[in-house]
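Remarks on the overall topology
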There are 2 protein chains.
Amino acid sequence: MPSSQNSRRRSREDVADTALRLLDEYGLPDLTMRHIADALGVRPSALYWHFPNKQALLAAVSERIIAPVLDTRVDTLPPRDALIALGSGLRERLLAYRDGAELVSSSLALGLAESPVRPRLAAVARRAGISADLSRIAADTVTHFVVGYVFHEQQRQQADSLGLLAPREGLTPAAAVAAHDDALGGDFRAALLMIVDGFDASTGHDSAAPPRLCEG
Amino acid sequence: MPSSQNSRRRSREDVADTALRLLDEYGLPDLTMRHIADALGVRPSALYWHFPNKQALLAAVSERIIAPVLDTRVDTLPPRDALIALGSGLRERLLAYRDGAELVSSSLALGLAESPVRPRLAAVARRAGISADLSRIAADTVTHFVVGYVFHEQQRQQADSLGLLAPREGLTPAAAVAAHDDALGGDFRAALLMIVDGFDASTGHDSAAPPRLCEG
DNA sequence: ACCTGAACACCGTTCAAGT
DNA sequence: ACCTGAACACCGTTCAAGT
């Protein structure tokens, strides 16, 4: 019942909260230990009581970004729709913060953060009758693809907003950006559909499997 | 005929060559302008005559890493095998240098380097009867997947070599690392097959397409 | 338990000036 | 054309010392 036990954890979470706010406001390159400390009204060295180093702090921020994807309920959906919903849900979370995909990509790659989507993707694949091994691979494939795709998407957004947008005839810059974003979202769904449908087609493949693509 | 015209370009290439060597030897975090200048026997500020900034220098290094994938001949292969060969060829190039995937991923995302594999992937897809729009998406999907996958793969390799390897019963550490690498290579092929087979299954899909995955 | 003060060993980049 | 010298404005991290 005493609150003394919670005071330490609240501090740690305050640091992550502030870092997430600064990320969205100023971007990953400006998310320095010094800026985070300034925003907290504290000295940079104080952060090292809460986190062993900067990567660990960034991992905590990563987990905050992707955690809400667990709110997406997919139990009642058919497997194909469930995989699309999880992939799109992850994309939405990454798009919700500036440089979200780059930050999460790095934390996942370093093994410092865990994607909550991965086990759920694998569970859906197993529910669809795919083997345990292939389900694990499928989950990694979708995760890799979504993170990589949104990484690229956000870099383009940033390049566009810096005025590097190639002008298109008959469109205001703002309209061109919007059209571009819509096209990217459509492309994302199409590509995700390809991958998901590939799970079905590849079930039980071996190295001597016949070619499945139609011939030119 | 006089060589004076070439002296400038050779200098620029010398810088990129040296940077590539240092990347493989010491890794991306230690690939600083100061270290590159030291290795060339020159002052850091001298590099800014050859490249406008560090990102541009890194983009030149990226293009050196992926350029040799053009040596992979796929004209005579059936489309499915051609896509697998291009994807595996790109993976090999990224694995050939330390932190290769991370460097190339960043340069591609920033739009500072172009993947020579992308147009070739799209050409193979078109040859297989896929529409131009979907072929472009397919090429991006494979490129994103390969780069993201190898990025993760190399981070794991580095984590393992730093002794963070979870010990497995009855294996020497070296044997465990080798087994792990083999498993990753096998997983890569399986995942790439999934994606490639998805191209076939998704051809001509629309938003009202029926679910294709078998029900659980 | 939580933070300060002060230092250490670095970064990328600019720019006048040299040759 | 190509490079130096010197500076500017930063980094992440450590650690004794404070409270």
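Because the structure is a prediction, the values reported are computed rather than measured.

Structural notes on the protein's contact with DNA strand C
Near DNA strand C there are 16 residues, and of these Arg43(A), Ser45(A), Trp49(A), Arg34(B) and Tyr48(B) occur at the shortest range. Near-protein atoms of DNA strand C (within 4 Å) split between backbone and bases, with sugar and phosphate holding 53%. In this structure, a phosphate oxygen belonging to DNA strand C sits 2.7 Å away from a main-chain N or O atom of Arg43(A). Between Ser45(A) and DNA strand C, the recorded distance is 2.7 Å, taken from a side-chain N or O atom to a base oxygen. Contributions of two or more residues to the surface near DNA strand C are made by helix H1 (4–26) and helix H3 (47–50) of chain A together with helix H2 (33–40) of chain B.

Re the environment of Ser115(B)
All names here are of chain B. Residue position: Ser115 is located in the loop between helix H6 (100–109) and helix H7 (117–127). When near neighbours in sequence (up to four residues on either side) are disregarded, Ser115 contacts Ile66, Leu108 and Thr143. Reaching out from Ser115, the side chain makes a polar contact with the backbone nitrogen of Val117 at a distance of 3.1 Å.

Observations regarding the packing of helix H5 (residues 79–95) of chain A against helix H7 (residues 117–127) of chain A
Residue and element names in this part refer to chain A. Two numbers describe how H5 lies on H7: the axes approach to 9 Å, and their chain directions differ by 170°. Here H5 is positioned roughly antiparallel relative to H7, judged by the angle of their axes. Judged by residue contacts, Pro79, Ala82, Leu83, Leu86 and Leu90 of H5 engage Val117, Arg120, Leu121, Val124 and Arg127 from H7. For the contact of H5 with H7, a count of residues per class yields 8 nonpolar, no polar and 2 charged.

Looking at the domain arrangement of chain A
Interface size is commonly expressed as the accessible area that is lost once the parts come together. Residue and element names in this part refer to chain A. You can read the domains of chain A as domain 1 (4–51) and domain 2 (64–214). At the interface, 11 residues of domain 1 touch 8 residues of domain 2. For the domain 1 face of the interface with domain 2, the top three residues by lost area are Leu20, Asp24 and Leu28, together amounting to 53%. Note that Arg64 is salt-bridged to Asp17, the shortest N-O span being 2.2 Å. Counting every contact that joins domain 1 to domain 2 gives 4 residue pairs in polar contact (both at pLDDT 80 or more). Broken down by class, the residue content of the side of domain 1 that touches domain 2 amounts to 6 nonpolar, 1 polar and 4 charged.

Focus: the protein's contact with DNA strand D
Around DNA strand D, 16 residues are found, and the nearest of them are Arg34(A), Tyr48(A), Arg43(B), Ser45(B) and Trp49(B). One of the side-chain N or O atoms of Thr32(A) is found 3.5 Å from a phosphate oxygen in DNA strand D. The side chain of Tyr48(A) places a nitrogen or oxygen atom 2.7 Å from a phosphate oxygen of DNA strand D. When contributions to the surface near DNA strand D are tallied by element, the ones reaching two or more residues are helix H2 (33–40) of chain A together with helix H1 (4–26) and helix H3 (47–50) of chain B. It is H2(A) that provides the largest number of residues to the surface near DNA strand D, a total of 3 residues.

About the thresholds
- Residues numbered from 1 in each chain as written.
- Chains lettered and ligands numbered in written order.
- Predicted model: local features only at pLDDT ≥ 70, side-chain atom pairs only at ≥ 80, totals over all residues.
- Heavy atoms only, no water.
- Near = heavy atom within 4 Å.
- Polar contact = N/O pair within 3.5 Å; in protein donor to acceptor, adjacent residues only side chain to side chain.
- Helix = DSSP H or I, 4+ residues; strand = E, 2+ residues; numbered from the N terminus.
- Contact = heavy atoms within 4.5 Å.
- Axes fitted to C-alpha atoms, helices over the stretch in contact; angles between N-to-C directions.
- Parallel < 35°, antiparallel > 145°, perpendicular 65-115°, else oblique.
- Nonpolar A, V, L, I, M, F, W, Y, C, P; charged D, E, K, R; others polar.
- Domains from an automatic or database assignment.
- Buried area = accessible area lost by both parts, 1.4 Å probe.
- Salt bridge = Lys/Arg side-chain N within 4 Å of Asp/Glu carboxyl O.

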